[in-house]
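Structural description and commentary
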Amino acid sequence: MLAGPWLERHFGLTAFEAWRTLLVAIVMQGVPFLILGTVVSAAIGAFIPARVFSKILPRNPVLAVPVAGAAGVVLPGCECASVPVAGSLMRRGVAPAAALTFLLAAPAVNPVVLVSTAIAFPGKPEMVAARFGASLVTSVVMGWLWIRWGREEWLRPPTGHAEHAPGAGRLEAFRRGMQHDFLQAGGFLVVGAMAAATFNVLVPPSVLQTFSGSPWLGVLVAAALAVLLSVCSEADAFVASSFTGFSPTARLAFMVVGPMVDMKLIALQSGAFGRAFAVRFCGGTFAVAVLCCVLVGGVLL
């Protein structure tokens, strides 16, 4: 970051300045919600007994998955916040399938996201309904798929830290947990933001316009754009509304895939749960999300 002006002045790297600006924008966009997520995660670990979750969630994981998906409605935040919260839930004994369902649902179906979608698409309540339905169905389906085909060795269990520190009080446990989660997740957020900024600088808009006219290719390209651009879920509806060349279903795919699979999320999940998990889970989520968008978009849009 500090070398940017020097590189531009001595080597004429104007593209590097654009890359640096995009990197700062993506990181600053995600950091407030990452802080929110680490605060919630640390509070869960330090102040909420594990027995609370056993009372709230059904013991049957198949039933716990839709309950966890519905719980995502009440927590405003973006995808950066959901990863540390999901990790803390697992540490407190919540079934991985339910925690992963919450991870996908929370940034996609909360009220802030739905209101921003309604503002970005005025007079089109069907777009809001389609986003809510496709996102919730994708989250629940992925939870059920993890129950059926997920393997324990793929998921690196989040290790306990502050909440298990010997002799640590609750406030001290809260401080240590928040510090650990923020420093770990923050580094991966920067890595993901660097990848997204690189794509933005290197790929010209004319390349995207080539595919926007095809209905099927348009959906896949819009979904891939959501992964690469890594726009926060509270703002992605405004970006999607600007894709006037794409079909409504393609724009829906951009808004559904982005909060569940993007460059910074892949990096965050790799750091929290392991690379083997992130590759499989993100790949499966991408496929399920695109399929749900096609089905829901075909009905509502």
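Before going further, it helps to spend a moment on the nonpolar core. In terms of nonpolar packing, the biggest core is built from 67 residues, with Leu225, Phe254, Val257 and Phe273 touching the most fellow members. In terms of residues, this core owes the most to one element, helix 6 (residues 96-109), which gives 11 residues. Of all hydrophobic cores here, the second largest spans seven residues; its members include Leu23, Val27, Ala193 and Ala196.

Turning next to the packing of aromatic side chains. Throughout the structure, instances matching the rule amount to four aromatic pairs. Between the aromatic rings of Phe273 and Phe277, the centroid separation amounts to 5.4 Å while the plane-to-plane angle is 75 degrees, which identifies the pairing as edge-to-face. Here the aromatic residues Trp146, Trp154, Phe273, Phe277 and Phe281 are joined through ring pairs into a cluster of three or more.

A residue-level look at the protein finds 82% of positions with pLDDT of 70 or above and a mean pLDDT of 80. Across the protein, the secondary-structure element scoring lowest on mean pLDDT is helix 3 (residues 50-56), at 66, and the one scoring highest is helix 8 (residues 125-149), at 94. Segment residues 162-167 is flagged for pLDDT under 50; beyond a separation of four residues in sequence, or across chains, it makes nine contacts in the model.

The subject of this paragraph is the packing of helix 8 against helix 13 (residues 248-257). Helix-helix packing is described using two parameters, namely the angle between the two axes and the distance between the axes. Two elements in contact, helix 8 and helix 13, have axes separated by 10 Å at closest approach and are oriented at 50 degrees. Looking at the two axes, helix 8 sits oblique to helix 13. Of the two elements, helix 8 crosses helix 13, and the hand of that crossing is right-handed. Between helix 8 and helix 13, the residues in contact are Met127, Ala130, Arg131, Ala134, Ser135 and Thr138 and Pro248, Leu252, Met255 and Val256, respectively. Here the residues of the contact of helix 8 with helix 13 sort into seven nonpolar, two polar and one charged.

Here we come to helix 13. Within helix 13, nine of the 10 residues are buried, which leaves the element mostly enclosed by the surrounding structure. Taken together, the buried residues of helix 13 touch helix 7 (111-120), helix 8, helix 11 (215-229), helix 12 (236-241) and helix 15 (275-300).

On the surface, Val62, Trp144 and Ile147 cluster together into a nonpolar patch covering about 250 Å² of accessible area. On the secondary structure map, Ile147 appears in helix 8.

Another aspect to go through is the pattern of salt bridges. Enumeration according to the criterion identifies two salt bridges in this entry. Between Glu172 and Arg175 there is a salt bridge, with the nearest N and O atoms lying 2.7 Å from each other. Taken together, the residues Glu172 and Arg175, both in helix 9 (residues 170-202) and three residues apart, mark about one turn of the helix. On the basis of relative accessibility, which here comes to 39%, the residue Arg175 falls in the partly exposed class.

This paragraph deals with helix 6. The end-to-end C-alpha separation of helix 6 is 20 Å, in line with the 20 Å expected for 14 residues at 1.5 Å each. The buried count for helix 6 comes to 13 of 14 residues, which makes it a mostly enclosed element.

Position of Pro248 relative to the elements: it lies in helix 13. The class for Pro248 is partly exposed, based on a relative accessible area of 33%.

Relative to each other, helix 11 and helix 13 sit at 30 degrees, their axes nearing to 8 Å. Here helix 11 is positioned roughly parallel relative to helix 13, judged by the angle of their axes. As for the relative orientation of helix 11 and helix 13, their crossing is right-handed in sense. Contacts between helix 11 and helix 13 involve Gly218, Val219, Ala222, Ala223, Leu225, Ala226, Val227 and Leu229 from the first element and Thr249, Ala250, Ala253, Phe254 and Val257 from the second. Looking at the contact of helix 11 with helix 13 residue by residue, the classes come out as 11 nonpolar, two polar and no charged.

With respect to the helices and strands, the residue Thr138 is situated in helix 8. Taking the relative accessible area as the measure of exposure, Thr138 reaches 0% and is therefore buried. Of the polar contacts made by the side chain of Thr138, one reaches the backbone oxygen of Ala134; its length is 2.7 Å. Discounting chain neighbours no more than four positions away, the residues touching Thr138 are Val256, Met260, Thr285, Val288, Ala289 and Cys292.

Procedures and definitions
- Residues numbered from 1 in each chain as written.
- Predicted model: local features only at pLDDT ≥ 70, side-chain atom pairs only at ≥ 80, totals over all residues.
- Heavy atoms only, no water.
- Core = buried A, V, L, I, M, F, W, Y, C linked by side-chain atoms within 4.5 Å.
- Buried < 20%, exposed > 50% of the residue type's maximum accessible area, 1.4 Å probe, protein only.
- Helix = DSSP H or I, 4+ residues; strand = E, 2+ residues; numbered from the N terminus.
- Phe/Tyr/Trp six-rings, centres within 6.5 Å; stacked < 30°, edge-to-face > 60°.
- pLDDT = per-residue confidence, 0-100.
- Contact = heavy atoms within 4.5 Å.
- Axes fitted to C-alpha atoms, helices over the stretch in contact; angles between N-to-C directions.
- Parallel < 35°, antiparallel > 145°, perpendicular 65-115°, else oblique.
- Left-handed = near helix turned anticlockwise from the far one by under 90°.
- Nonpolar A, V, L, I, M, F, W, Y, C, P; charged D, E, K, R; others polar.
- Patch = residues over 30% accessible without salt bridge, like charges linked within 9 Å, V, L, I, M, F, W, Y side chains within 5 Å.
- Areas by Shrake-Rupley, 256 points an atom, 1.4 Å probe, with all protein chains shown as cover.
- Salt bridge = Lys/Arg side-chain N within 4 Å of Asp/Glu carboxyl O.
- Expected span 1.5 Å × (residues − 1).
- Polar contact = N/O pair within 3.5 Å; in protein donor to acceptor, adjacent residues only side chain to side chain.

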